[in-house]
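So you can see what is in the structure, the chains are spelled out below.
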Amino acid sequence: MKRLNVAKKDACMACKECVIACSEAFYKEFDEDLSCIRIDVKKDGVTPKPVVCVQCGKCAAACPEGAITQNAKGVYMINKKKCIGCGKCVEACPFGVIVKAEGKEYASKCIACGICAKACPMEVLEVKEA
């Protein structure tokens, strides 16, 4: 199974280079709300916590159109031709990392492409094949 992994949890500086890289790669603009990765804060209220898609499949189970399916590498992908933009996958995601941008007909999610991992100066993220 291929997925994005937080390799160095305590190394994140909240620089948001990963967030910028994701939104710019898929939406050609920097907007935190368009990124499929988030930087939250741990319970201590200070320490940054990267939040990534763990490919759990809850989005696929919630999709009424069957637009989200798992590929051979274990990555859940959204078929833009089948997606009706209802947002059920966004609601179902326990991590809040599925994006339904205003004016877009379909949702988007992490496809474990590694763009964010390459952008991270602290090497916090990695794409793993398990």
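What counts, and at which threshold
Residues numbered from 1 in each chain as written. Predicted model: local features only at pLDDT ≥ 70, side-chain atom pairs only at ≥ 80, totals over all residues. Heavy atoms only, no water. UniProt positions renumbered as here; feature names shortened; annotations may be inferred. Disulfide = S-S within 2.5 Å. Buried < 20%, exposed > 50% of the residue type's maximum accessible area, 1.4 Å probe, protein only. Salt bridge = Lys/Arg side-chain N within 4 Å of Asp/Glu carboxyl O. Helix = DSSP H or I, 4+ residues; strand = E, 2+ residues; numbered from the N terminus.

Per an unreviewed UniProt entry, the chain goes by Ferredoxin and derives from Candidatus Blautia faecigallinarum. Under the heading Cofactor (unreviewed entry), UniProt records this for the chain: "[4Fe-4S] cluster". Entered under Function (unreviewed entry) in the UniProt record, the comment concerning the chain runs "Ferredoxins are iron-sulfur proteins that transfer electrons in a wide variety of metabolic reactions."

1. Here we look at the state of the cysteines
Here the structure, examined in full by the defined rule, presents zero disulfides. Summary of cysteine pairing: cysteine 63 is not part of a disulfide, and the nearest cysteine sulfur, belonging to cysteine 86, is at 6.1 Å. According to the relative accessible area criterion, cysteine 63 is buried, its value standing at 18%. Lacking any disulfide linkage, cysteine 110 is separated from the closest cysteine sulfur, that of cysteine 53, by 5.3 Å. A relative accessible area of 9% means that cysteine 110 is categorised as buried.

2. Notes on the pattern of salt bridges
One pass over the structure, following the stated rule, counts four salt bridges. For glutamate 123, the salt bridge goes to lysine 8, with nearest N and O atoms at 3.7 Å. You can see glutamate 123 sitting in the loop between α4 (115-119) and β6 (125-129) and its partner lysine 8 sitting in the loop between β1 (2-6) and α1 (17-27), a full 115 residues away along the chain. Assessed through its relative accessible area of 53%, glutamate 123 is described here as exposed. Owing to a relative accessible area of 39%, lysine 8 belongs among the partly exposed residues under this scheme. We note a salt bridge from arginine 38 to aspartate 40, for which the minimum N-O separation is 2.3 Å.

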